[in-house]
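# Close look at the chain arrangement
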Amino acid sequence: MEQLLRNPSIVQGLRKVEARIERLGGSSALSGINAGATRVISAGGKRLRPALTLATSLALGKTPDRRVITAAACVEMIHAGSLVHDDLMDGAAERRGEKTLHSDLGFGKALLIGDFMLARAGLAALTSVSRPVAEVLANTVVELAEGQYLETADLFVPHRSEQSALRSITGKTAALFRASCLVAAVCAKAAPEDRARLAEYGEKFGLIFQIMDDLLDLTATDEQLGKPAGADLRQGVCSLPVILSNTDVSPERGMTDDQIAETLTILRQSKMIENTVEYCRGLAADAFAALPAIHNHEVAGILYGLPTSYIDSTLRIITRPALTPSR
């Protein structure tokens, strides 16, 4: 992932994307909305999704122009707006060590600022990029809502199926990674087959991103996560790593801290880590196979290596006690 975020062309493009995001976030007629949106978009994050948009454009032999920069900014605006809504649904008091928007402003104002960010991204895509790109992003917002709904519908459901978990994370996470690649392909007027291949690559990487993030929630320390480990279990989410652990563990309502700690110990002593990593490496192989021919060797190396390098970098975060073999 470091290669993606250090490539000179991508770094230069991200500076322009950042400026565009700031303009979009401050474009309301109401100063309160501007302040809230600006706070969210300036709260950190690696800008991985817009970086993927820029890399896709370069992979197709196109230097990112104004339309691609705006499309990348719209992708990040949608991501940031969706985080506001996620925090509302989770009742999260903090994100990245800072108070969430609703913790300061209340649920109503935070909800409306999230709505503004999603709508502003769609309007910018329609007026400053193209109708096809706006349609891609509008469909993606629909999928985000559907994916999150599916997860909510499965809270505290014992023995959740792998298919159900995959449907949810495809919508709530992988769809936006797919869109990150697809909007660049649409701007480049790529052939339909190349569009489909790049969209599949983005979706597979998005699945890896979410699954490994879910694994971290079950294996990393509170300090590494910046929040209590096992947050998904507390909220009733039976994530894919839990399903792949092949244990009888399921989240239950009203679990105490001791019960959470005991559950995490069971999961860490199971085959959860090995099975999850093997599953993600299979997705990485699928992502690799999906990519079309890329003639820019540097960008090809970045995109071909990104899924595997993300898995490896996440594994390095996992603490050694979590890697203790099952007994």
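Keep in mind that what you see is a predicted model, and the values were worked out from it rather than measured.

### Overview of the side chain of R49
Summarising the element assignment, R49 is placed in helix α4 (residues 48-59). Among buried Asp, Glu, Lys and Arg side chains, R49 stands out as unpaired, with E76 the closest opposite charge at 5.0 Å. Among the polar contacts listed, one links the side chain of R49 to the side chain of H79, at a separation of 3.3 Å.

### Some thoughts on the packing of α4 against helix α10 (residues 192-219)
Here α4 crosses α10 at 155 degrees, and the two axes come no closer than 12 Å. Relative to α10, the element α4 lies roughly antiparallel. In this structure, α4 meets α10 at a crossing whose hand is right-handed. Side by side, α4 and α10 meet where L48, R49, L52 and T56 of the first sit next to L198, Y201, F205 and F209 of the second. Within the contact of α4 with α10, the residues separate by chemical class into six nonpolar, one polar and one charged.

### Side note on the side chain of Q210
Summarising the element assignment, Q210 is placed in helix α10. A relative accessible area of 9% means that Q210 is categorised as buried. Setting aside its immediate chain neighbours within four residues, Q210 contacts I169, K172 and T173.

### Some words on the nonpolar core
Residues M117, V133, L137, Y201 and L303 are the most contacted members of the largest nonpolar core, which totals 102 residues. For this core, the leading source of residues is helix α9 (residues 162-187), giving 13 residues.

### As for the confidence of the model for the protein chain
Close inspection of predicted coordinates is inappropriate in any region flagged by low pLDDT. Here the protein chain averages 92 in pLDDT, while 96% of its residues score no lower than 70. Considering only residues more than four positions removed or in separate chains, one finds that residues 320-327, a stretch of pLDDT under 50, has 10 contacts.

### Re the environment of I273
With respect to the secondary-structure elements, I273 resides in helix α15 (residues 272-290). A sequence separation of 18 residues divides I273 from L291, and the C-alpha atoms of the two residues are 27 Å apart.

### Here's the deal with α15
Between its terminal C-alpha atoms α15 stretches 27 Å, which fits the 27 Å expected from 19 residues at 1.5 Å a residue. Those residues of α15 that sit buried are M272, I273, T276, V277, C280, L283, A284, A287 and A290. Take α15 and look down its axis: the buried residues cluster within an arc of 125 degrees, on one side only. Counted as exposed and oriented over 90 degrees from the buried face of α15: E278 and A289. Those residues of α15 that are buried are in contact with α10, α13 (240-244), α14 (257-268) and α16 (297-317).

### Quick notes on the pattern of salt bridges
Here the structure, examined in full by the defined rule, presents 12 salt bridges. Taking the shortest distance from any N to any O, the salt bridge between K99 and D104 comes out at 2.9 Å. Its relative accessible area of 47% is what places K99 among the partly exposed residues. Here D104 falls in the partly exposed class, since its relative accessible area comes to 40%.

### Looking at the packing of α4 against helix α5 (residues 66-90)
Two elements in contact, α4 and α5, have axes separated by 8 Å at closest approach and are oriented at 155 degrees. Judged by the inter-axis angle, α4 sits roughly antiparallel to α5. Our pair here, α4 against α5, has a crossing hand that is right-handed. Contact residues: R49, P50, T53, L54 and S57 in α4; V68, I69, A72, V75, E76 and H79 in α5. For the contact of α4 with α5, a count of residues per class yields six nonpolar, three polar and two charged.

Parameters at a glance
Residues numbered from 1 in each chain as written. Predicted model: local features only at pLDDT ≥ 70, side-chain atom pairs only at ≥ 80, totals over all residues. Heavy atoms only, no water. Helix = DSSP H or I, 4+ residues; strand = E, 2+ residues; numbered from the N terminus. Buried < 20%, exposed > 50% of the residue type's maximum accessible area, 1.4 Å probe, protein only. Lys, Arg positive; Asp, Glu negative; His and termini not counted. Salt bridge = Lys/Arg side-chain N within 4 Å of Asp/Glu carboxyl O. Polar contact = N/O pair within 3.5 Å; in protein donor to acceptor, adjacent residues only side chain to side chain. Axes fitted to C-alpha atoms, helices over the stretch in contact; angles between N-to-C directions. Parallel < 35°, antiparallel > 145°, perpendicular 65-115°, else oblique. Left-handed = near helix turned anticlockwise from the far one by under 90°. Contact = heavy atoms within 4.5 Å. Nonpolar A, V, L, I, M, F, W, Y, C, P; charged D, E, K, R; others polar. Core = buried A, V, L, I, M, F, W, Y, C linked by side-chain atoms within 4.5 Å. pLDDT = per-residue confidence, 0-100. Expected span 1.5 Å × (residues − 1). Arc of directions from axis to C-beta.

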